Structure formats: C-alpha cells, structure tokens
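Now for the letters of each chain:
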4 protein chains.
Amino acid sequence: MRVGVLTGGGDCPGLNAVIRAVVRKGVQEYGYEFAGFKDGWRGPLEGATVPLDIPAVRGILPRGGTILGSSRTNPLKVENGIRRIKENLAKQEVDALIAIGGEDTLGVAARLSGEYGVSCVGVPKTIDNDLSATDYTFGFDTAVNIATEAIDRLHTTAESHMRVLVVEVMGRHAGWIALHSGLAGGANVILIPEQRFDVDQVCSWVTSRFKSSYAPIVVVAEGAMPKDGDMVLKDQSQDSFGHVRLSGVGEWLAKEVERRTGKEARTTVLGHVQRGGTPSAFDRWLATRFGLHAIEAVRDGAYGSMVALRGTDVVRVPLAEATAKLKTVAPELYAEVGVFFG
Amino acid sequence: MRVGVLTGGGDCPGLNAVIRAVVRKGVQEYGYEFAGFKDGWRGPLEGATVPLDIPAVRGILPRGGTILGSSRTNPLKVENGIRRIKENLAKQEVDALIAIGGEDTLGVAARLSGEYGVSCVGVPKTIDNDLSATDYTFGFDTAVNIATEAIDRLHTTAESHMRVLVVEVMGRHAGWIALHSGLAGGANVILIPEQRFDVDQVCSWVTSRFKSSYAPIVVVAEGAMPKDGDMVLKDQSQDSFGHVRLSGVGEWLAKEVERRTGKEARTTVLGHVQRGGTPSAFDRWLATRFGLHAIEAVRDGAYGSMVALRGTDVVRVPLAEATAKLKTVAPELYAEVGVFFG
Amino acid sequence: MRVGVLTGGGDCPGLNAVIRAVVRKGVQEYGYEFAGFKDGWRGPLEGATVPLDIPAVRGILPRGGTILGSSRTNPLKVENGIRRIKENLAKQEVDALIAIGGEDTLGVAARLSGEYGVSCVGVPKTIDNDLSATDYTFGFDTAVNIATEAIDRLHTTAESHMRVLVVEVMGRHAGWIALHSGLAGGANVILIPEQRFDVDQVCSWVTSRFKSSYAPIVVVAEGAMPKDGDMVLKDQSQDSFGHVRLSGVGEWLAKEVERRTGKEARTTVLGHVQRGGTPSAFDRWLATRFGLHAIEAVRDGAYGSMVALRGTDVVRVPLAEATAKLKTVAPELYAEVGVFFG
Amino acid sequence: MRVGVLTGGGDCPGLNAVIRAVVRKGVQEYGYEFAGFKDGWRGPLEGATVPLDIPAVRGILPRGGTILGSSRTNPLKVENGIRRIKENLAKQEVDALIAIGGEDTLGVAARLSGEYGVSCVGVPKTIDNDLSATDYTFGFDTAVNIATEAIDRLHTTAESHMRVLVVEVMGRHAGWIALHSGLAGGANVILIPEQRFDVDQVCSWVTSRFKSSYAPIVVVAEGAMPKDGDMVLKDQSQDSFGHVRLSGVGEWLAKEVERRTGKEARTTVLGHVQRGGTPSAFDRWLATRFGLHAIEAVRDGAYGSMVALRGTDVVRVPLAEATAKLKTVAPELYAEVGVFFG
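Predicted model, so just to flag it, every value in this text is computed and none were measured.

Trainee: Can you lay out the interface of chain A and chain C for me, pointing to particular residues and giving the numbers?
Mentor: With 40 residues of chain A at the contact, the number on the chain C side is 41 residues. With both sides pooled, the region where chain A packs onto chain C buries about 3200 Å², and carbon together with sulfur makes up 53% of that total. At the surface where chain A touches chain C, the tally comes to 0 salt bridges. Summed over the shared surface of chain A and chain C, the number is 20 residue pairs in polar contact (both at pLDDT 80 or more). Those elements that provide at least two residues to the side of chain A that touches chain C are α6 (140-161), β9 (234-238), α9 (249-261) and β11 (265-269) of chain A. Broken down by element, the side of chain A that touches chain C gets its largest block of residues, 9 residues, from α6 of chain A. Among the residues forming the side of chain A that touches chain C, the class breakdown is 8 nonpolar, 20 polar and 12 charged.

Trainee: Account for the domain arrangement of chain A, with residues named and values stated.
Mentor: Residues and elements named next belong to chain A. When the domains of chain A are assigned, the result is domain 1 (2-138 + 279-322) and domain 2 (142-275). Using C-alpha coordinates to define each centre, domain 1 is positioned 34 Å away from domain 2. Each partner contributes to the interface: domain 1 provides 12 residues, whereas domain 2 provides 12 residues. Taken together, both faces of the contact between domain 1 and domain 2 bury some 900 Å²; the carbon and sulfur share is 50%. One can count 0 salt bridges joining domain 1 with domain 2. Along the lines of polarity and charge, the residues of the side of domain 1 that touches domain 2 split into 5 nonpolar, 3 polar and 4 charged.

Trainee: For the interface of chain C and chain D, give the residues involved together with the corresponding values.
Mentor: When the parts of a complex come together, some accessible area is lost, and that lost area is often used as the size of the interface. Contact residues are listed per partner, giving 40 residues for chain C and 40 residues for chain D. Across the interface of chain C and chain D, roughly 3700 Å² is buried in total on both sides, 59% from carbon and sulfur atoms. Area buried by chain C at its contact with chain D is led by W285, V339 and F340 of chain C, which between them contribute 20% of it. Applying the counting rule to chain C against chain D returns 4 salt bridges.

Trainee: Describe the relation of the copies chain A and chain C, and please don't skip the residues or the numbers.
Mentor: Least-squares fitting of chain A to chain C yields an RMSD of 0.0 Å, with the superposition described by an axial translation of 0.0 Å and a rotation of 180°. Taken together, these values place the two copies in the relation of a two-fold axis. Of all interface residues in chain A, 100% are interface residues in chain C too; the two copies therefore contact each other through one and the same surface.

Trainee: Can you explain the sheet that holds strand β1 (residues 2-7) of chain C? Please cite residues and give values.
Mentor: Residue and element names in this part refer to chain C. What the 7 strands build is an open sheet, ordered β3-β2-β1-β4-β5-β12-β13; its pairing is mixed. Where the open sheet ends on each side, the last strands, each with one partner, are β3 (49-51) and β13 (313-318). With direction set aside, neighbouring strand axes in the sheet form an average angle of 30°. The strands touched by helix α10 (residues 281-299) are β1, β2 (33-37), β4 (96-101), β5 (120-124), β12 (305-310) and β13; relative to β12, the strand with the most contacts, the crossing angle is about 140°.

Rules of the game
Residues numbered from 1 in each chain as written. Chains lettered and ligands numbered in written order. Predicted model: local features only at pLDDT ≥ 70, side-chain atom pairs only at ≥ 80, totals over all residues. Heavy atoms only, no water. Contact = heavy atoms within 4.5 Å. Buried area = accessible area lost by both parts, 1.4 Å probe. Salt bridge = Lys/Arg side-chain N within 4 Å of Asp/Glu carboxyl O. Polar contact = N/O pair within 3.5 Å; in protein donor to acceptor, adjacent residues only side chain to side chain. Helix = DSSP H or I, 4+ residues; strand = E, 2+ residues; numbered from the N terminus. Nonpolar A, V, L, I, M, F, W, Y, C, P; charged D, E, K, R; others polar. Domains from an automatic or database assignment. Least-squares fit on C-alpha atoms with pLDDT ≥ 70 in both. Pairing = 2+ DSSP bridges. Axes fitted to C-alpha atoms, helices over the stretch in contact; angles between N-to-C directions.

Below you can see the structure in the form of structure tokens.
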C-alpha cells in the first residue's frame with residue numbers, strides 16, 4: 001500500500017503533527033509506504049513529490065507550517081485537472097490519498113472521492129474553527145492563545161493611557177477566535193461576523209467602562225460588520241498598484257469610536273502571527289490523533305470520510321457533509337458572553 | 001437572593017475565572033448578592049467570609065490561585081460540622097451555595113444537598129482531569145501546556161548529552177497529564193497509573209531510541225507503578241522528622257534505567273509549577289462558562305446538580321453521580337499513542 | 001522627607017517595578033513618605049495625587065503599565081506651568097521628586113532642576129533604548145522578546161507559502177528593536193532609521209533567499225526610510241478626521257517588493273503589543289535596580305542626576321547630559337549583522 | 001584556512017547561535033572552511049568530525065542544545081591527549097580551533113594555546129554567569145527567564161494555600177541565577193552560595209511575610225549552605241549504585257522551615273529545564289555576536305584570546321585570565337536586594 005499525503009490552504013499550526021502521526025503509524029503498524037505531494041493539489045496535479053518516511057518526520061511535531069508546503073491551487077478549475085491527478089497518482093503508484101485542508105481542499109477531495117473514484121480520506125484544517133462536522137479543528141487553540149496573550153498585554157497599555165484599544169483578530173465568516181480570545185482576554189466588547197454591530201452600542205459600552213476607571217479593549221473579528229448604512233470600509237485612495245484600498249474594520253471602528261466618544265482609540269491587527277509557530281499542547285494532541293485516525297481510516301478502506309472530533313472521541317464523518325455547512329457562533333452563545341460587555 | 005461561593009482542595013488555574021463569572025452574571029443579570037466563604041468548607045464551618053461583589057472580581061480573570069483561599073477541611077469529619085454550616089449559612093442569610101472543587105469538596109456538597117437540604121450547585125475542579133462526568137476540567141489544559149513546554153526544553157538537553165531524561169508529572173490515579181503532555185512533547189515513553197509498566201520494556205524503548213541518534217524522554221505520572229516485585233519506592237532513610245522517606249517514581253526509574261542500560265539518566269520533577277499561574281485561554285474559557293452556567297443553575301433552582309462539559313456544551317449532571325467514578329485513561333487510548341514509543 | 005514620584009510618556013514594561021523599588025527602599029531603609037503624582041507632569045501641575053506606600057506597591061512587580069498613570073503633558077508649554085508645579089509640590093510638602101520617563105519627561109526634570117531649583121532625580125525610560133547615557137533602558141528587552149517571538153512564528157508562515165513577510169517594529173529614530181529582534185529572529189533583511197535603504201538591494205536579498213528554498217523575513221523599523229526618490233509614504237486619502245493618512249513603511253515596502261520581485265509579500269505591524277504586559281526578567285531586574293539607586297540618589301541629595309546602566313553597574317549621570325544625545329545604531333554594528341542578510 | 005569548532009561542558013541555550021555565526025561569517029566574508037568536532041574535546045582527541053557548512057547551520061538559531069554534541073572529556077587527563085589532538089588537527093588540516101565552553105573547556109584551550117602552540121580562540125559559556133572576564137554569558141538570561149516564570153506561577157499556589165514554597169535553582173558556586181530570578185520573581189528570601197545563611201533569619205522573614213497575608217517564596221541556589229552546625233545535607237541512605245545520596249538544600253531547608261515555623265513548606269527543584277530549549281532574544285543576540293567576533297579573532301590571528309562582553313561591546317581578553325577567577329555576587333549587591341526580604 002502506498003499512500004499520498006498533501007496539505008492545502010492557509011498555514012495552520014499542527015499540520016506537521018498530522019503528517020508525522022500518519023507516517024509513524026502507517027509505516028510502523030501497517031507497513032505502508034508514502035508519497036508526500038508538494039504544495040496542496042499542485043502536487044498531484046504536476047506530479048511534484050517529496051520523500052515521506054520516518055526520518056523525514058523526525059522532530060517536526062513542535063514545528064509550525066508544513067514540511068509539504070501548501071497552496072490554494074484548485075484542480076477543478078484547471079484544464080484536465082482531474083485527469084492529470086489520476087494519471088499522476090497512477091504514475092506514483094499511490095493507492096490512497098490523505099488530504100489535509102479546509103473547505104476548499106476537502107471540497108476537492110469530496111468530489112474526487114465521490115465522482116471520480118479516487119480513494120480519499122480527509123483531515124479537517126481551519127484555524128477559524130468553522131467546520132460544522134467537528135467540535136474543534138487544530139490550529140484554533142494556538143491562535144486563541146496568541147490572541148489572548150496579545151490582549152493581556154494590551155490591557156496595561158489601555159489603562160496607562162486611558163485609551164480604547166481595538167484588536168482585530170482572524171475570522172472572516174465565523175467569530176470563534178474573537179469570541180474565545182475576547183472572553184479569555186477579558187475584553188469589554190466582542191464583535192463577530194454573525195451579528196452586525198451597532199456602533200452607538202459599542203460606544204456606550206466603551207464609555208461605561210471608563211466610568212469604572214478601567215480602559216476598554218474591543219475585540220473585533222476581521223469579518224465583523226456594522227449595521228446598515230454605518231460603514232464605508234472602502235477607502236477612496238488607491239495603492240501603488242492602482243487598486244482601491246480597503247481599510248480593515250478594526251481601523252475603521254477605532255476612528256468611529258474616537259469620533260463619537262472623544263476618547264483616544266488605537267488599533268492592533270494581529271494578522272499572520274496568529275497562524276504561525278509552534279502549536280499549543282492541545283493542537284498537537286488533536287492533530288496527532290487526527291493523523292492516527294486518518295491512516296486507520298485508510299487501512300479500513302473508509303474512503304470518502306473525514307476524521308472529526310466529538311467530545312473527546314475522534315470519529316469518521318462523510319467528506320461531503322463535512323464541508324457542507326459553516327459552523328458559526330450561535331446567537332445564544334454570543335448572548336451568554338454579553339454579560340462581560342461594557 | 002444571596003449566594004455563597006467557596007473553593008476547596010488543591011490550587012488550580014481558572015478558579016478566579018469561575019468566581020468572576022458567577023458574580024458578574026449573578027449581580028448584573030439576576031440582581032443577586034454574594035458571600036465569599038474563605039478557605040473551602042472552613043468558611044461556612046466557621047462563618048468566615050469576605051465581601052464578594054463586582055469590584056472584588058475585577059482583574060482576577062488572568063490570575064491563578066483563588067481570591068477566596070482554599071483548604072482541605074472536611075466538615076463531615078468535624079464535630080457538628082453540618083449543623084454549624086447550616087447555622088452559619090442562616091446567619092449569613094445565604095440561600096444557595098456554589099461549591100467549586102474536586103472529588104472531596106463536591107462529595108460534601110452532594111451530601112449536604114442530598115441529605116441535609118442545603119441548596120448546593122457544584123463546579124468541578126481537578127487539575128488531573130479525572131472526573132468522569134465532564135469531558136474536561138479547567139486547569140488541566142494549563143498543566144499540560146506547562147509540562148509540554150518543559151518537555152520541549154528537555155529534548156535539547158537530552159540530545160546534547162545523549163542522556164535519558166525522566167520527567168515526572170502530576171497524576172496520582174489517572175494518567176491524563178502524562179498522556180497529553182507526553183504525546184504533545186514528543187516523549188518516547190509515557191507511563192501512567194492505569195497500567196503497570198515493565199522496566200525492561202522501558203529500557204528496550206530507551207535503547208532503540210538511541211539507535212536513531214536521538215535521546216529519549218520518558219514521561220511518567222507520579223502514580224505510575226512498575227509490575228510486581230520490581231519496585232521499592234520506599235527509601236530506607238528517615239527524614240529530619242523521623243518519617244520514612246518516599247522517593248518518587250521518576251527518580252527510582254531513572255536509576256533503574258541507568259543501571260540496566262548503562263546510559264546516563266536524569267530526573268525532573270515538575271511539581272507545583274504545573275498548578276500555579278495564569279490559566280491558558282482554553283481554561284479561562286471553560287472556567288468562565290462553568291461559572292455562567294452555575295449561577296444559571298442557581299436561578300433555575302437546579303440544586304444538587306453540577307455543571308459539566310460535553311463536547312462544546314455545558315450541561316448539568318447530578319452531583320451524586322458526578323463524583324461517583326474516576327475517569328481513567330482507557331486501554332485503547334493508551335494503545336493508540338503507543339506507536340510513538342521507542 | 002517626603003518624595004514625589006511620577007511616570008511620563010509612553011507605556012513601558014518595568015515602570016511599576018521602579019515605583020515598587022523606590023517605595024520599598026524609601027520606606028523601609030530611610031523612613032521616607034511618598035506622594036504619587038498622577039499621569040506624568042499633569043499630576044504636579046494640577047496637584048493630582050494618589051497614596052503611595054508599601055501596600056500600594058504590593059504585587060505590582062510583574063504587572064505592565066504604571067499604577068500612577070501617564071501622559072505627555074509638558075508643563076513648559078502650559079501657562080505658569082512651573083509656578084503651579086512649585087506651588088503644588090509645596091502644598092503636598094514634597095521635598096524631592098523622582099521623574100521616570102523618556103527624553104521629554106526628563107527634559108522637563110532637567111529644566112526644573114537646573115533653572116528652577118526643584119530637587120529632581122531622573123530614571124530613564126524608553127522602550128526604543130535610544131538614550132545615550134545608559135547601556136540599556138528597561139522595557140526594551142521585553143519589546144525585543146515579543147518581536148522575536150512574533151518573527152519566530154512568522155517564519156513558518158513564510159515558508160509554508162513561500163511568501164515574503166515584512167514585519168514592522170517600533171523605532172522612529174533608532175533601530176535598536178529592529179536590530180536586536182531581527183538578529184535574534186533570524187531575519188534576512190533588517191532596515192533601520194539610521195541608514196536609508198535601497199529597495200533594489202532589499203529585493204536582491206529577498207530573491208537570493210528564495211534560491212536556498214527558504215522564505216524571507218524583512219524586519220523594518222517604523223522610522224526606516226528608502227533612499228531619495230523612492231518612497232511616497234503619504235497616502236493621498238484623508239481619514240475620517242480630515243487628516244492626511246500615512247501608510248506605514250512596512251506596508252509600502254511589501255507592495256514594492258511584490259511589484260519588483262513578483263513574489264507575494266505580506267506585512268505585520270506589531271504595534272502596541274510590544275509595549276504592554278509583564279516585563280521580562282531582565283527588565284524587572286534593571287527597573288528594580290534603577291528604582292533602588294534613584295531613592296539612594298535622593299538620600300544623597302544628588303539632585304539633577306539620573307540613574308544609568310554601565311556594564312553591570314548602576315551609576316549617576318547629570319540629567320542635562322542624559323537627554324542631550326540620541327543613541328543610534330553605529331554603522332559598524334549595523335555592518336556586523338549584515339552577514340545574515342540575503 | 002580551515003577552522004575547527006567544538007562545544008564542551010554542560011548544555012546551554014545559545015551554543016547553536018554561536019556556531020551559526022562563526023560559520024556564516026567565516027564562509028561568506030572570509031571564504032574559510034570548517035570542521036565540526038564532535039562532543040567537545042572528544043572530537044579532536046579521536047578525530048571525530050561532522051561537516052560544518054552553511055546548509056548545516058540553517059535553522060539552528062532558535063534551537064537549544066548543540067548540533068556538535070558535547071562532553072566533559074578532558075584531554076589533559078588522557079594519555080598522550082595533547083599529542084593525539086595535534087595529530088588529528090593536522091590530519092584534518094585544521095589551522096585554528098574555536099573552543100566554546102566553560103572553565104574546563106577553556107582551561108584546556110588556554111593550555112593548548114599557551115604551552116603547545118595550538119591556535120585557539122575561546123568563546124565563554126556558562127549558564128551560571130560566573131566567569132569574571134565577561135559581563136554576561138549566553139544561556140544565563142534564558143535560565144533566569146525560565147526560573148522567573150516558574151516563580152511567578154508558584155506565587156499563586158503559595159497564596160492559595162498559605163504555604164512556604166522553596167525553589168531551588170542552579171548555581172553551585174555563584175548565586176547569579178538565584179539573585180536575578182529571585183529579584184525578578186518577587187521572592188521574599190534569596191539564598192546564595194557566597195554567603196552562608198542563618199535558618200532562623202530565614203524563618204523570621206517567612207513569618208513576617210505571612211503577617212501581611214501573603215505567602216513567602218524562598219529562592220535558594222543549589223550551592224547555598226547554612227551557617228556552621230546547622231545542616232546535614234548528606235542523607236544516610238545509599239542509592240541503587242551504592243553511592244551515598246545527597247538530598248538537596250531546597251528539600252532540607254523546606255523541612256527545617258516547616259519544623260521551626262509550623263507552616264507547611266514545599267520544595268520545587270527546577271533542574272534541567274533551566275538549561276534547555278530555545279534561547280531568549282538576549283541570548284541569541286549575545287551568542288551571535290560572540291560567534292561573529294570569535295571568527296574575526298581567528299582572521300586577525302588573535303590566538304590565545306577569548307571574546308567577552310563589556311557593556312555593549314564585545315572585546316578580546318587573554319584566555320588564561322578569562323578562567324582565572326570565579327565571578328561571584330559581591331556582598332554590596334546582595335545587600336542591595338535585601339530590602340525585599342521578608
């Protein structure tokens with residue numbers, strides 16, 4: 001048995017832990033061989049591989065990133081993409097493929113598996129934790145820890161200068177990172193993409209916070225939006241490429257709050273630091289277990305499935321369902337943490 | 001409505017986060033008043049209280065320890081303990097009691113609630129993560145992170161000197177911290193209380209590790225034991241109090257490994273650093289949600305219940321059941337990680 | 001003896017450690033009393049004080065920010081500023097004043113001390129480490145550690161996606177944070193305000209880095225500037241206040257590198273996280289020793305002086321000299337680290 | 001020109017940073033070749049080498065340990081040791097040798113250089129910071145940071161349970177780590193090898209600390225000793241090798257404090273975690289600069305010298321002097337921090 005492995009989409013701490021677990025168990029327990037495909041779907045599309053064996057995965061557990069490289073290449077949008085993948089898998093004598101990635105990467109795996117007879121097993125990866133089929137995805141806990149540490153640090157700056165500090169965290173479509181890090185960091189306002197926010201309400205929380213002689217931290221997901229009519233994120237300027245420039249919601253909100261409350265406000269955009277570097281212990285644990293169960297799924301011939309976390313168990317779910325629905329923050333959960341606002 | 005709060009048993013990061021959430025929601029949403037009882041059950045036993053209101057809980061979210069103090073006082077073992085507690089609760093005009101603690105503390109709450117008509121709600125706390133009624137308890141993730149960071153550091157020492165490093169972590173009856181931190185830290189051997197270990201097998205893993213030119217890390221829970229006949233943990237010496245001195249399993253094992261393999265071995269006992277200091281983001285999240293749900297249980301009159309985590313939901317379970325069974329590492333789960341041994 | 005203490009200018013980890021050391025030694029060894037002035041020079045200007053005694057400084061050593069608050073108020077620019085300060089110091093019966101701050105705050109202290117007979121002792125504070133009279137200032141080591149950790153994390157993102165990552169760190173006039181964190185983080189290019197950079201040279205380093213199959217990290221101080229003709233940092237747009245908006249050098253450089261090399265480039269602006277939160281061990285040590293020596297200077301009547309670090313010794317230097325010259329990165333030192341570029 | 005490099009003695013964060021800097025500058029600026037000798041002096045003694053070029057040093061900057069391995073082999077105690085080293089250096093066509101290590105390693109280099117005409121340059125390495133010729137050695141700052149973080153965590157445990165916590169840190173002959181981490185961690189008692197301590201004085205500080213309702217942390221260097229007659233560290237038992245077992249000063253002191261004050265006391269021995277893992281930013285900076293200057297010393301033919309830090313400058317000092325005198329904590333400095341005791 002020869003198993004191909006690829007990692008697609010954005011960087012996410014824990015990818016190497018999955019790869020290591022797949023290879024360790026595959027080689028030691030099942031005697032499998034492996035082919036590492038480079039840069040996501042570009043690998044099988046172009047037949048680009050790297051050797052993948054036990055020496056190759058030594059020491060990679062604590063390392064962020066992915067030794068296989070990644071890309072956003074979508075073979076469904078490439079001419080003869082599917083045919084080329086099948087040819088290259090055959091050339092490489094690959095019997096099964098483990099695809100580690102997010103909605104896009106797994107969507108391709110689902111199609112390949114369902115319509116084109118390629119033996120695929122999926123491992124979910126999204127730093128945003130927004131896949132509905134699994135309780136958590138690896139990388140998320142690391143991102144939340146990094147954002148929480150940053151918020152911890154910003155409290156003292158806010159208080160020494162009696163400023164509003166707006167922290168923009170990742171989360172285009174789901175507010176999980178904002179919700180968890182905002183709660184853990186003791187933020188006074190948390191804004192998520194799932195619910196449009198009212199700037200006046202934000203200003204009123206900010207103002208009430210100053211009354212108790214503390215300074216407010218506002219955590220806002222990058223995808224959060226104000227209520228209708230309130231916001232023009234598009235800045236009129238053009239950048240050096242001639243593109244219209246988008247200023248982020250964090251910067252916009254800081255200015256609005258400053259304008260409406262008269263309090264100084266500053267923005268911090270955490271950006272890429274949230275997705276790099278060594279994974280937290282939880283993410284190493286989760287990623288490793290996903291890897292162990294993925295290769296077990298291959299051994300069981302459970303193609304078309306994806307591993308997922310349910311409570312403390314790793315289970316299998318159909319790949320097709322896995323990516324069907326975005327997991328967003330439920331209104332009740334968001335309401336639950338509202339007691340800390342203001 | 002006036003609600004008493006107490007924290008019992010060993011220190012655990014997240015206790016303050018629970019207290020803060022209970023008080024914030026209790027005051028702001030339900031208009032409750034609070035009495036903070038000092039040092040676990042000693043507080044209601046002796047009528048020792050501290051004021052507990054919103055200013056008292058400001059800024060405590062990231063702080064380890066407990067602002068209420070803790071103790072291992074067991075009122076069931078104190079003459080007229082129950083009667084004195086009931087009297088003091090009456091004197092303090094306390095209508096309901098939130099007890100935050102482990103097996104012992106919650107066991108008392110279960111008895112008080114079941115047999116003596118005291119309105120109790122429980123919040124589970126054990127750094128060892130060994131309560132069967134909940135997927136996770138707060139403090140555990142922090143401990144695992146600390147142990148994992150220590151193991152990360154020890155790898156380089158092991159390798160520079162080609163030594164065996166034995167790391168003793170917490171866990172008297174359950175091996176959760178050893179299992180999670182050992183896996184996350186890339187340990188080569190993990191020993192837990194649930195399964196007696198064979199020193200020769202440990203030595204064989206250690207020896208095989210050296211063959212691939214790496215040096216082994218052995219993670220051992222403090223409650224792990226060798227197979228029959230193998231171990232005399234009791235050292236013959238007496239300490240300055242005249243007590244027979246127990247040397248720990250870590251130290252014992254290092255010596256045995258050294259003796260049997262001829263390789264230098266060293267021990268690190270992580271000890272109290274695992275249970276102090278600021279909680280991880282996950283533990284702040286979990287502890288806060290436990291607090292929010294505990295005060296909600298009070299409002300619902302759900303006495304005799306304990307809050308618990310199931311997947312990503314916080315649910316209520318009967319206090320009596322909650323502490324009935326120790327949650328230990330299942331043999332299948334331990335077997336699953338065995339692929340990384342050696 | 002009654003001693004006033006104030007902290008001025010930007011937030012900086014270690015301020016509380018200075019305050020604690022001043023008060024502990026002043027009260028315990030010399031029997032002094034203290035007045036804490038609020039918000040930098042605003043405190044003595046408006047007579048705004050807070051009690052400052054041993055209970056007030058308990059537990060503040062590890063906390064960022066300043067319990068006295070800070071501001072950039074300059075009494076020399078306020079009508080009758082000096083007269084009002086002298087009146088308020090007299091009203092508060094303050095015999096000597098310890099001013100903790102950067103160039104501006106200490107500049108005022110130097111004038112007050114030299115021209116107006118106010119008994120001042122200075123403690124230097126600048127996160128940028130750009131005061132020529134002292135080897136290091138506290139806060140700097142913390143900022144460098146935070147920036148280095150961020151760079152460590154960004155390496156994996158850069159490599160997984162084969163992108164250029166530009167990291168903008170603090171440093172308007174001096175490149176110390178960029179130099180130290182860039183070197184410690186293994187950056188491939190470091191750009192500082194002291195030497196105008198050549199974008200084509202940067203692009204050539206970036207390109208050569210990709211050839212060895214790694215991805216480049218470019219660390220740029222916020223005050224770094226390209227050679228003549230190369231840069232228009234001023235964006236043509238106006239923000240919501242009608243101000244012309246400046247886009248930072250990091251963002252500008254990323255776009256230029258992208259345009260000239262064809263490689264994807266991203267920017268991270270570390271911002272305020274560099275100056276908040278708990279101080280590093282080194283900064284706690286340095287700040288504490290500065291505090292101990294400042295109160296000793298008061299006892300010795302060494303007014304008009306500032307404490308400073310020379311090697312491992314804390315010495316006194318004249319306040320006037322202390323702020324006379326900016327400490328910038330010497331060309332030889334910058335050249336020394338150039339071996340790691342590209 | 002062909003340069004040999006070796007690392008001797010105990011593990012210390014920053015060794016790899018030195019090696020990387022030596023090789024990067026040696027190859028890129030001077031066109032030198034390198035031979036990496038394995039395991040300290042064992043390498044040149046037995047002719048054991050590893051290739052050492054630019055690819056070999058990629059990515060090692062943030063990694064603890066040493067890619068060359070280390071040992072405590074002393075060629076002066078090996079028959080014909082010097083002759084064999086000279087022969088092997090000749091066989092390897094090595095023109096100069098950079099020895100990175102502590103007192104023992106550099107002592108050999110001094111003899112080889114002075115008496116036997118081997119062209120040696122030294123780089124000082126001691127985690128204990130006890131070499132008199134240099135302001136700081138790399139590894140020390142990392143160790144102090146780790147110990148300080150541990151002390152930060154132990155405060156909350158001490159306070160929640162009103163216990164004495166004794167923390168034993170490294171330092172056999174000099175108390176630098178105890179002094180710096182104890183001060184930075186807000187310890188209430190710091191005990192160092194340079195001054196014998198009085199247990200009754202320690203107990204009196206401990207007792208006074210409890211009066212202000214805080215719990216004491218006692219930091220003790222492993223080499224600290226009580227005044228005459230007070231201590232029997234030698235435990236009567238023998239270990240499994242038949243050696244008499246030494247119980248550490250920390251454990252002994254905790255028992256004495258418990259016995260004399262009646263307060264519960266616990267010990268934490270930090271051990272090897274202090275010397276492993278990724279170096280702090282300061283240590284990466286210092287180690288890198290030491291490496292750059294060491295290879296410059298080779299180019300200048302400055303044999304028999306060692307690089308050293310003076311203020312912010314890296315200078316050269318004679319190897320012979322470098323190891324002549326232990327740098328211990330001066331009584332005045334120890335007195336300076338005494339204001340925080342109790």
